[in-house]
Structures are given as structure tokens and as C-alpha cells.
Amino acid sequence: MTLETLRPFRLGRHRFGEDATVMMAIVNRTPDSFYDKGATWAESAAFDRVRLVVEQGAEMVDIGGIKAAPGAEISVAEEKARVVDFVARVREEHPHVVISVDTWRAEVADAVCAVGADVLNDAWGGADPELVDVAAAHDVSIVCTHTGGVRVRTRPHRIEYDDVVAAVLHDTLAYADRAVAAGVDPEAVVIDPAHDFGKNTFHSLEVTRRLGELVATGWPVLVSLSNKDFVGETLDQPVGSRLVGTLAATSVCALAGARVYRVHEVVETRQTVDMVWTIAGRRPPARAIRGLA
Amino acid sequence: MRVVVVPPVPALLSRYASLTDPVPELRAACVSAVAWLVEHDDARIVAADDQARRIGEELLAQGLAGRVASASERIETRIETGNILVMANGSARRSEKAPGHLDERSFGFDSEVEAALAAGDAAALGGLDARLGAELLASGIGALATLADLTVTRAVMDYADDPFGVRYWVVRWECAS
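Cut-offs and rules
- Counting from 1, residues in each chain are numbered in the order their sequence is written.
- Chain letters start at A and ligand numbers start at 1, both assigned in the order the entries are written.
- Two thresholds apply to this predicted model, a pLDDT of at least 70 for residue-level local features and 80 or more for giving and counting side-chain atom pairs, whereas whole-chain, interface and lining totals are computed over all residues.
- Note that water and hydrogens are dropped before the side-chain values are worked out from all heavy atoms of the structure.
- Numbering goes from the N terminus for both helices and strands, where a helix is a DSSP run of H or I of at least four residues and a strand is a run of E of at least two.
- Only protein chains enter the area calculation, which uses a 1.4 Å probe; residues under 20% of their type maximum are buried, those over 50% are exposed, and those in between are partly exposed.
- The Shrake-Rupley method, run with a 1.4 Å probe sphere, supplies the accessible areas, and residue values consider only the shown protein chains as cover.
- As used throughout, the charge tally considers Lys and Arg to be positive and Asp and Glu to be negative, leaving His and the chain termini uncounted.
- A charge is said to be at NZ when it belongs to Lys, at CZ for Arg, at CG for Asp and at CD for Glu.
- Note on definitions: a residue-residue contact is assigned when non-hydrogen atoms from the two residues lie within 4.5 Å.
- Accessible area, probed at 1.4 Å, shrinks when two parts are joined; the buried area is that loss added up over both.
- Whenever a carboxyl oxygen of Asp or Glu lies within 4 Å of a side-chain nitrogen of Lys or Arg, that contact is scored as a salt bridge.
- Within 3.5 Å is the distance limit for a polar contact, defined as a pair of N or O atoms, with the added protein rule that one can donate a hydrogen and the other accept it, and that residues adjacent in sequence qualify only through two side-chain atoms.
- Under the grouping applied here, Gly and all other residues not named as nonpolar or charged are polar, the nonpolar ones being Ala, Val, Leu, Ile, Met, Phe, Trp, Tyr, Cys and Pro and the charged ones Asp, Glu, Lys and Arg.
- Only buried Ala, Val, Leu, Ile, Met, Phe, Trp, Tyr and Cys residues count toward a nonpolar core, and they belong to the same one when joined by side-chain atoms within 4.5 Å.
- Note on geometry: axes are C-alpha line fits, over the in-contact stretch for helices, and angles between N-to-C directions span 0 to 180 degrees.
- The labels follow the angle: roughly parallel below 35 degrees, roughly antiparallel above 145, roughly perpendicular from 65 to 115, and oblique for the rest.
- Handedness of each helix crossing follows the sense of rotation of the near helix against the far helix: counterclockwise by less than a right angle gives left-handed, clockwise gives right-handed.
- UniProt positions are given in the numbering used here, feature names are shortened, and annotations may be inferred rather than shown by experiment.

A.B. asks: Please clarify how the overall build of chain A should be interpreted in this entry.
C.D. replies: When its secondary structure is counted, chain A shows 10 helices and 10 strands. The principal-axis extent of the C-alpha atoms belonging to chain A is close to 60 × 45 × 40 Å. Counting over 293 residues, chain A shows a buried share of 55%. For chain A, the exposed area adds up to about 12,300 Å²; of that, 53% sits on carbon and sulfur atoms. Side chains of chain A give 31 positive and 42 negative charges; the mean places of these two sets differ by 4 Å.

This is the structure in C-alpha cells:
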């Protein structure tokens, strides 16, 4: 995928050129997410995490108040309590950082947009049909994911596809079209195949292998690979030992032209993406003099 | 007429651009010297090889682009003019990390060239030891020798350094005729 086929895009009020890639650091406002197990459940810890990832160069944070996996029911009021004031505080202290909120609920989305969120990261593929209207009303970006039609916060069970990438393309493009029809700026729409969501490991591997087909649609592609089960199952590694596999998968997606990387490890992923982006001829080396003096 | 000497450093080529320029001071000196060279007229290039010539052509194109709209057209005609861009540098064996490793003879050789360039002593350039220069991986010593008959009325050394174990000079000469 050459630079000519990659387009500029917008994440809320923040614009990115055709050569840009974005590190989207995960910040959980949850007591029970799989990777950090509540490490940033306390607001002060979550804020420290934001400060750290911004220092590490993350252009974007993804704030989530509900873990993706099944678990205790979290009410709208509780989700808002976890994220709205926090978003406001991050907005105030980090005006240049893109703030994404990981929610599928329009009511929560409306509240976070009112206090400065830039992106609605809907991991559940449009489960709440009014989410696109909220994105349009606030002129923010929306991430259109593929979940294979599974219900919110459920694990995939015996799902099969004739062609998983065709299904991903069908659903994400339909969602993107729906967002644009609702009034979302086309430059502010991002698509995400959603590795592991409604997919077994073989599906996620195939999506990774064929990611170029998503990039070829012209929509900026977000990938969320970090420490996921498809990496763990592929390498037989538990959570906590999946960084190498994550970065290998990241390299494949970067070569294909993915633009936004939802990550736990900012520094390692940034270096991986920069290295691959440069190999692909989309970024110059930092400073090359060897053999050129 | 005007003469400018710059080193044929491939890092100056746009195709080898980095996010952070490894030779910012050298580049700035080259760009301004070449701009001076073509201030009133075009220039021709004297270079030891094709690579050095390409680097000179790109510098000239940039210099002319700063002066006229269509640089490429002007370059076609530069042969007719008197100004000269000489592509040359000193030893590439000035340190253990230099491209050609360390050769102690580098320092004496480079000092001799540098003194002649700084003083506008064209005749001295005609007497340089080209064989020693080749052993030291110096580039364009023969090209410098072609200047031997010039009468230099003003000599300015804009840059003299060896950031990577290679001696670079950026020199401007104003000459009679």
C-alpha cells in the first residue's frame, strides 16, 4: 500500500496527514479488564497512566469504563460515573491528545462528547443505533467495528464464516455508510476488523493476513491486537507474555497500511510501526549517515 | 567568475533524506555557497565521478530554483558559463570510525589542501599528491587541480570540519576574468 492510497483523516478536532500513524493507548476505568486487572481503576492511577502514555508519545488515549468480556452488568449511570468526569479532566490537562471513549451506548457517548471526547470507539459494531447520531451531532469520529453480529459483551461461540474478511468488509462498510448517512464527516470515520470479537483465532489470523483488503477500501483502519487471545493461542503464551506476538502481528498490519494502533505498550508499538512504515517507504529514517558520509 | 568547492556527500541528496538531517550545518553552508555561485549566472560542475556529479547537479538545481522558476532549463545551459562548482573533499580516513579507518597521513594531506583553499592559493592545488589523496579516499583532488591557473581575488572558507571522519570544506572563491 503506497502513500498515494493512504488518505488524510480526522479524529475529532485532530487532523492527520496521509503518512501519519497513531498510537491509541488503552486506559481502563475498570476493575477487571483482562490485561491490567484493575491497575488503573483508581482515578489517580488512570490519570497517571494518561500522563505516562502521553510522555511516551501516544497521540491518543482510549478510555473505557466497561471491560469487553462478560461480567457484572454495568448500568449507564455507573459507566458515566466511571468515564465522564475523567474525560473532562484529561481534556483539560492534555488539550492536544485525541480522546477516544470505548463505549457502545449513545447516552454515555453524548455525555463524553459534551466534555471533549474526540472519538467514539464502538467495539460492538453499532449495537446502539443512535450512536452514529451522537457522533454526527458532536462532529466527532466513530470507529466502525465488526463483531459478527454477536451481542454486547459475549464471547464468540462456534461462529463460522464463509469468508471472514468478506464479512468484516460487509459489516464495517455498512456501518461506515450508516455513519456518513447520519451526518458524520466521511474523513472522521475509521474501520476496525475487531480481532477476537466474534472471531476465533483462525479468523483473527486471517483478518491479519488479509488486512490490506480493508486498507484498500480507503477508510483509515484501526487495529486492536494488543495482548489478545489470538496472539496467546497462536504462541501458547499467557497474558503478560504476548508482547512479541503482538508486535509481530502489528508489523503485518503496519505493512498493509493500518493507521491507528490500540495498544497497551506505546513505546514498543511505536518503534515497530515506525520501522515497518519506513521499510514500506512511507517514512524516512530518523537519521541515516552510514555509507553516506 | 566564481568558484565554489563543496564535498560530494551522498547524505545531501534528497533521496537519502532523514527526519533529522545528519549534516545540517554542511547542507546550510553548501546551499548558501551554491546560491552565491549562481547569483548572476549558471555554473558548470567539475567532479571526479558520476555520483559526485549527481550531488552537484542537485545542489545546483536547488540554487537555481531559488533564483529562477525553471531550474531544469537553466542547468541545460550552464556549460556556457564561467562559474564552477567543484566537488571535492579531503581524507575519509581521519579516525578509527571513519569510512576508511584511520590513516595518520590524513592530517598532513588535509592541512595542505585546506590551507590552499582558505588562502585562494590556486597554484598549490595543482601540486597536490593525487596518488596519496586516492589512498586516503579523498575525492575530487584532480578536480581541484583544474583550478591551478586561476587568479583568486577573494577566498572565503564557509565550513571546514570532519563530523564523520571525512574532511569537508565549503569554499567560495572570487576569481579574476
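Having put the structure on the table, let's press on.
A.B. asks: Looking at this structure, how should I read the interface of chain B and chain A?
C.D. replies: By a widespread convention, an interface's size corresponds to the accessible area lost as its parts come together. Listed as interface residues are 14 residues of chain B and, on the opposing side, 9 residues of chain A. Summed over both partners, the interface of chain B with chain A comes to about 970 Å²; 65% of that surface belongs to carbon and sulfur atoms. Counting the contacts that link chain B with chain A gives 0 salt bridges. On inspection of chain B and its partner chain A, the count reaches 7 residue pairs in polar contact (both at pLDDT 80 or more). For the side of chain B that touches chain A, a count of residues per class yields 11 nonpolar, 2 polar and 1 charged.

A.B. asks: Is there a simple way to explain the nonpolar core in this structure?
C.D. replies: One broad trend across soluble globular proteins is that nonpolar side chains are buried collectively. Formed by 78 residues in total, the largest nonpolar core has its most connected members in Val61, Ile63, Leu120, Ile142, Leu211 and Tyr261 of chain A. Among the elements that make up this core, the one with the highest residue count is helix H5 (residues 164-181) of chain A (8 residues). In this structure, Tyr261 of chain A is in contact with Thr21, Val22, Met23, Met24, Val223, Thr250, Cys253, Ala254, Thr269, Val273 and Trp277 of chain A, ignoring residues within four places of it in sequence. The next biggest cluster of nonpolar side chains, apart from the first, holds 32 residues, and it includes Leu13, Leu26, Ala33 and Leu37 of chain B.

A.B. asks: What's the story with the packing of helix H2 (residues 76-93) of chain A against helix H3 (residues 106-114) of chain A in this structure? I'm lost.
C.D. replies: The geometry of a pair of packed helices is captured by two quantities: the angle between their axes and the separation between those axes. Residue and element names in this part refer to chain A. Remark: H2 packs on H3, axes separated minimally by 9 Å, with the N-to-C direction vectors making an angle of 20 degrees. Put simply, H2 runs roughly parallel to H3. Crossing of H2 against H3: the hand is right-handed. Seen from H2, the contacting residues are Val76, Glu79, Lys80, Val83, Val84 and Val87; seen from H3, they are Glu107, Val108, Ala111 and Val112. Grouping the constituent residues of the contact of H2 with H3 by class yields 7 nonpolar, no polar and 3 charged.

A.B. asks: Explain the packing of H3 of chain A against helix H4 (residues 131-138) of chain A here, please?
C.D. replies: Residue and element names in this part refer to chain A. Relative orientation of the contacting elements H3 and H4 amounts to 15 degrees, with a least axis distance of 8 Å. One way to sum up the angle between H3 and H4 is to call them roughly parallel. Classified by chirality, the crossing of H4 by H3 is right-handed. In this structure, H3 contributes Ala106, Ala109, Asp110, Cys113 and Ala114 to the contact, and H4 contributes Leu131, Val134 and His138. Residues of the contact of H3 with H4, tallied by class, amount to 6 nonpolar, 1 polar and 1 charged.

A.B. asks: Where do I start with the UniProt feature "domain: Pterin-binding" (unreviewed entry) in chain A in this structure?
C.D. replies: On the UniProt side, "domain: Pterin-binding" (unreviewed entry) is annotated at positions that read residues 21-274 of chain A here. Within residues 21-274 of chain A, the helical portion is 43% and the strand portion 15%, while the C-alpha atoms at the span's ends are 8 Å from each other.

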